[in-house]
Amino acid sequence: MASKILSLVKSFFSKTPSYVIFFITAKCNSRCRMCFYWKNIEKHQEQKELTIDEIKKISRNLNNIQYLSVSGGEPTLRDDMPEIVKTFVKNNKVKFVSVPTNALQPERIAGLSEDMFRSCPGTSFRIALSIDGIGKEHDDIRGVKGNFEKVGETYRLLDRLRSKYRNFNIDVTTVYSSFNKDKIKDIFNWVEQNMKIDNHVLLLTRGNPREGIAKDVTIEGYEKAAKFVEKRTFKKRGRRKDIRLTLLRAAKLVMRDVISKTLKQKRMVLPCVAGDKFVILNETGKVYPCELLSMEMGDLRQENYDIKRILFSAKGRKVKKFIKDTKCFCTFECAIQNNIIYNPLAYPAVLKKLVFLR
Ligand code: SF4
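This is a predicted model, so every value here is computed, not measured.

S.K.: Quick rundown of the pairing of strand β5 (residues 168-176)? Include the residues and the values.
M.R.: The element β5 is extensively covered by neighbouring structure, given that nine of its nine residues are classed as buried. Going residue by residue along β5, you find F168, I170, V172, T174 and Y176 tucked away on one face and N169, D171, T173 and V175 tucked away on the opposite face as well. For strand β4 (residues 124-130) and β5, the ladder comprises six bridges, and the chain directions are parallel. Bridge pairing in β5 places I127 opposite I170. As defined by bridge partners, β5 adjoins strand β6 (residues 199-204) across six bridges and the pair is classed as parallel. Note that in β6 the partner of V175 across the bridge is L203. Traced from β5 through helix α8 (residues 184-194) to β6, the parallel crossover comes out right-handed.

Structure, rendered in structure tokens:
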């Protein structure tokens, strides 16, 4: 525990990001109506994606990483997903790994997950199953018939692994959009009644979704849903007592408040650390500060796979200066979470939430 806190403190001084979202593939077997990555998914070309050898070079040039989110596309469509994760755990001592999944291939997902849990016993994993509606409504939002049933199968297979491994959580994520804005309570209630999960996260549709109407929601509607989720989180303790996860849950509650304030006041609430503590790598090796700002910081393939050369290049510095000078703001949850973690001024708010969670 002490070593984990120490490594978090060290990450304040690291010259490379400690939170990395890595889109390991743009291949996807869903066609979600609110997907912000849909353009990359539609033009996906497997042969152009980073190979495992290239990924190993990238990893060797990064310092330690606290949190790695292995994303996509559907990340579990890459056979070498466990090898990618093991590479970062070995070279960068990753403490948390998050894998969001559409849960369309239950056996495959459980197999790849077990490989990671078994090989990396010192790392905490989070497998996040997407549930955006109940039954056919989920299938309709995700563009795949039978998807809802597959989520249930995936959950059952992962649930069985709980007796063997203690280093993983099963989470559910629901993306708040115009397609399900009136069904949030029903979805959360259904999950509570049918699954033993560790955390149910509500995300807000972001970027330029496949169907623009996905963003036809009101601030009031989102706030109401977020308040409902917050009350639920206060009521329900995590399945396992882990102070780090409880802290993270408290930070997520503060994040919710920051999002509401940002939406209402249309301004930066906390300075953004994207491009510094937090970074996006895409499937072809391009580096971005976040998922929303389409300002490329550089291309790892052209910089000998060394992210430091990108972060401290003229182009990289220009992007960071832009974020600072324009007081860039958005509602991207992962970025806000980092803005809280790396801003001591936000800690009193986190502690306040923590009091209710303990
Ligand atoms: S505020 Fe949002 S859009 Fe701007 S850099 Fe940060 S994460 Fe990206």
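S.K.: A description of the sheet that holds β5 should follow, citing residues and the corresponding values.
M.R.: Sheet architecture is open: nine strands sit in the order β6-β5-β4-β3-β2-β1-β7-β8-β9, paired in mixed fashion. In this open sheet, the two strands that pair with only one neighbour each are β6 and β9 (298-299). Across two bridges, strand β7 (residues 278-281) lies against strand β8 (residues 286-288) in antiparallel orientation. Bridge pairing links I280 to Y288 in β8. Against the sheet, helix α7 (residues 147-161) makes contact with β4 and β5, and its axis sits at roughly 160 degrees relative to β4, the strand it touches most.

S.K.: Which residues make up the packing of aromatic side chains, and what values go with them?
M.R.: Tallied over the full model, the rule gives 15 aromatic pairs. Positioned above the aromatic ring of F179 is the side chain of R33, whose terminal nitrogen or guanidinium carbon lies 3.9 Å from the ring centre. In this structure, K320 packs its charged tip against the face of F312, placed 4.8 Å from the ring centre.

Reading the values: rules and limits
Throughout this description, residue numbers start from 1 for each chain and increase along the sequence as written. Under the rules for a predicted model, residues below a pLDDT of 70 receive no local features and side-chain atom pairs below 80 are neither given nor counted, while totals for whole chains, interfaces and linings still include all residues. Computation of side-chain values: all heavy atoms of the structure, hydrogens and water removed. We call a residue buried when its accessible area falls under 20% of the maximum for its residue type, exposed when it is over 50%, and partly exposed in between, using a 1.4 Å probe and counting protein chains only. Working definition: helices are DSSP H or I runs of at least four residues, strands are E runs of at least two. Numbering for both runs from the N terminus. Think of it this way: DSSP has to see at least two bridges between two strands before they count as a pair. Crossover handedness is defined here as right-handed if the route from the first strand over the helix to the second strand goes clockwise, with the strands pointing away from the viewer. Should any heavy atoms of two residues lie within 4.5 Å, those residues are considered in contact. As a rule, the C-alpha atoms of each element are fitted with a line to give its axis, helices using only the stretch in contact, and angles between N-to-C directions run from 0 to 180 degrees. Centres within 6.5 Å make a pair out of two Phe, Tyr or Trp rings, where for Trp the six-membered ring is used; the pair is then stacked when the planes are under 30 degrees apart, edge-to-face when over 60, and tilted otherwise. Charges are assigned to positions over rings by a cutoff of 6 Å between ring centre and Lys NZ or Arg CZ, combined with an angular limit of 35 degrees from the ring normal.

Honestly, it's all geometry; don't read function into it.
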